[in-house]
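Examination of the molecular architecture
Below, each chain spelled out in residue letters.
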Amino acid sequence: MRIDAISIFPDFFQVLDISLLGKAQEQSLIQFKAHDLRTFTEDKHRTVDDTPFGGGAGMLMKPEPWGLALDSVLTENSVVIFPSPAGVPFKQATARELSSKEHLVFACGRYEGIDQRVLDYAQSRAEVREISLGDYVLNGGEVAAVAMIEAIARLIPGVIGNALSLDEESHSEGLLEYPSYTKPASWRGMDVPDVLLSGNHAEIAKWRKEQAMEKTRRIRPDLID
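Nothing here was measured: the structure is a model prediction, and the numbers come from that model.

**Digging into the packing of helix H2 (residues 63–73) against helix H4 (residues 116–125)**
- Remark: H2 packs on H4, axes separated minimally by 10 Å, with the N-to-C direction vectors making an angle of 20°. One element, H2, and the other, H4, form an angle in the roughly parallel class. Remark: the crossing between H2 and H4 carries right-handed chirality. Contacts between H2 and H4 involve Pro63, Trp66, Gly67, Leu70 and Asp71 from the former and Arg117, Val118, Tyr121, Ala122 and Arg125 from the latter.

**Comments concerning the domain arrangement of the chain**
- The domain boundaries assigned to the chain delineate domain 1 (1–160) and domain 2 (162–221).
- Placing the centre of domain 1 and that of domain 2 at their C-alpha centroids yields a distance of 36 Å.

**Observations concerning the layout of surface pockets**
- By volume, the largest pocket is sized at about 510 Å³.
- Along its surface, the largest pocket is lined by 26 residues, and Pro83, Ser84, Pro85, Gly109 and Gly113 are the ones closest to its centre.
- Where the lining of the largest pocket is concerned, the elements lending two or more residues are strand E5 (78–89), H4 and strand E7 (127–132).
- Of all the elements, E5 adds the most residues to the lining of the largest pocket, at five residues.

**With respect to the environment of glycine 141**
- Looking at the secondary structure, you find glycine 141 in the loop between E7 and helix H5 (142–153).
- Sequence separation of glycine 141 and serine 84 is 57 residues, and the distance between their C-alpha atoms is 6.9 Å.
- Setting aside residues no more than four positions away along its own chain, glycine 141 makes contact with Pro83, Cys108 and Gly109.

**Concerning the environment of aspartate 4**
- Mapped onto the elements, aspartate 4 comes out in strand E1 (residues 2–7).
- Once residues lying within four places of it in the same chain are set aside, the contact partners of aspartate 4 are Lys33, His35, Val73, His103, Leu104, Val105 and Phe106.

**Things to note about unusual backbone geometry**
- Of note, the bond from lysine 183 into proline 184 is cis; its omega dihedral lies within 30 degrees of zero at 5°.
- Within the secondary structure, proline 184 is located in the loop between H5 and strand E8 (186–187).
- Residues other than glycine seldom take positive phi values, yet serine 19 does so here, at roughly 60°.
- Residue placement: serine 19 occurs in helix H1 (residues 19–26).

**Quick notes on a nonpolar patch on the surface**
- A grouping of Phe9, Phe12, Tyr136, Leu138 and Val143 is seen on the molecular surface, where their side chains present a nonpolar patch of about 440 Å² in accessible area.
- As for its position among the elements, phenylalanine 9 is in the loop between E1 and H1.

**Thoughts on H2**
- By the burial criterion, the buried members of H2 are Pro65, Trp66, Gly67, Ala69, Leu70 and Val73.
- Elements in contact with the buried residues of H2: E1, strand E2 (31–36), strand E4 (60–61), E5, strand E6 (103–107) and H4.

**Structural notes on empty space enclosed by the protein**
- All chains considered together, the criterion is met by one cavity of 30 Å³ or more.
- By volume, the largest cavity is sized at about 30 Å³.
- If you trace the largest cavity, you find it lined by Leu16, Leu21, Gln25, Ile30, Phe32 and Ile149.
- Its residues assigned to classes, the lining of the largest cavity comprises five nonpolar, one polar and no charged.

Rules used in this analysis
Residues numbered from 1 in each chain as written. Predicted model: local features only at pLDDT ≥ 70, side-chain atom pairs only at ≥ 80, totals over all residues. Heavy atoms only, no water. Axes fitted to C-alpha atoms, helices over the stretch in contact; angles between N-to-C directions. Helix = DSSP H or I, 4+ residues; strand = E, 2+ residues; numbered from the N terminus. Parallel < 35°, antiparallel > 145°, perpendicular 65-115°, else oblique. Left-handed = near helix turned anticlockwise from the far one by under 90°. Contact = heavy atoms within 4.5 Å. Domains from an automatic or database assignment. 1 Å grid on protein atoms, 1.4 Å probe; cavity = no way out; pocket = protein on both sides within 12 Å on 5 of 7 lines; lining within 4 Å. Points joined across faces, edges and corners; volume = space filled by probe spheres on them. Patch = residues over 30% accessible without salt bridge, like charges linked within 9 Å, V, L, I, M, F, W, Y side chains within 5 Å. Areas by Shrake-Rupley, 256 points an atom, 1.4 Å probe, with all protein chains shown as cover. Salt bridge = Lys/Arg side-chain N within 4 Å of Asp/Glu carboxyl O. Buried < 20%, exposed > 50% of the residue type's maximum accessible area, 1.4 Å probe, protein only. Nonpolar A, V, L, I, M, F, W, Y, C, P; charged D, E, K, R; others polar.

And the structure:
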C-alpha cells in the first residue's frame, strides 16, 4: 500500500518509522511519504492561510497550495482522507475497509480548517472521505492521521507477525477484547482464572466469549445495542 500525508508539520509522521510500521516500510509492505504543504506555495513567505470570507475567528488554509500538493500525489486509485471533527466516526470496520485500498492520501488541515473548494476539487479527482477520530477537536489533522494510519496499516497482510491475533482484538467482532493473563499464575494475591489453566480449549473459548460480552456491556453498552 502507498500512503501519502500532506501537512505543514511533516515531522509529526516520524513515529511511523519505528516499530512494526517501520519494519513494514523496510519490507516494502507500505510505502509512506510525508509532504510539506509549504513547498507547494508560490510566495516568498510560503503562506498557507488567510482570513475567511464572511468574517469569523481564526485563519483558513488557502486552496492554491493544496491544489498543487494534491496534483503531485493523486492517482486514479487514490482515496483522500481529510481528518475532521465534522467527519464520520473512524471505526475498526473503517480501518479494515481502507486497508484494502491501493493508495491513501491524508490531507491534514490546521487553523480553522481547509477551504471547502479543496475538498470539492479532490472529490472531482478521487474518492474523498471526511473522517473523525472522535467527538473532540485537535489542533490539526496530524495526530488523527497517525492513529488512522497505524490502525489501517497493521491490518495489511504481513505487517503483524501473528495474523491470528487480529481476530481476537477489541472491535474485531463488535465486542471489546476479553482480559488476558500471563505467568506467574499467582501474583500479589491475585490468581489467574482456573479455566485458563485447565487446558480445556472449548471451555476457555466459552469463558473468553462471556468475558468479552460482560466487559462490553459494562464499558461500551452502545456496542451491544
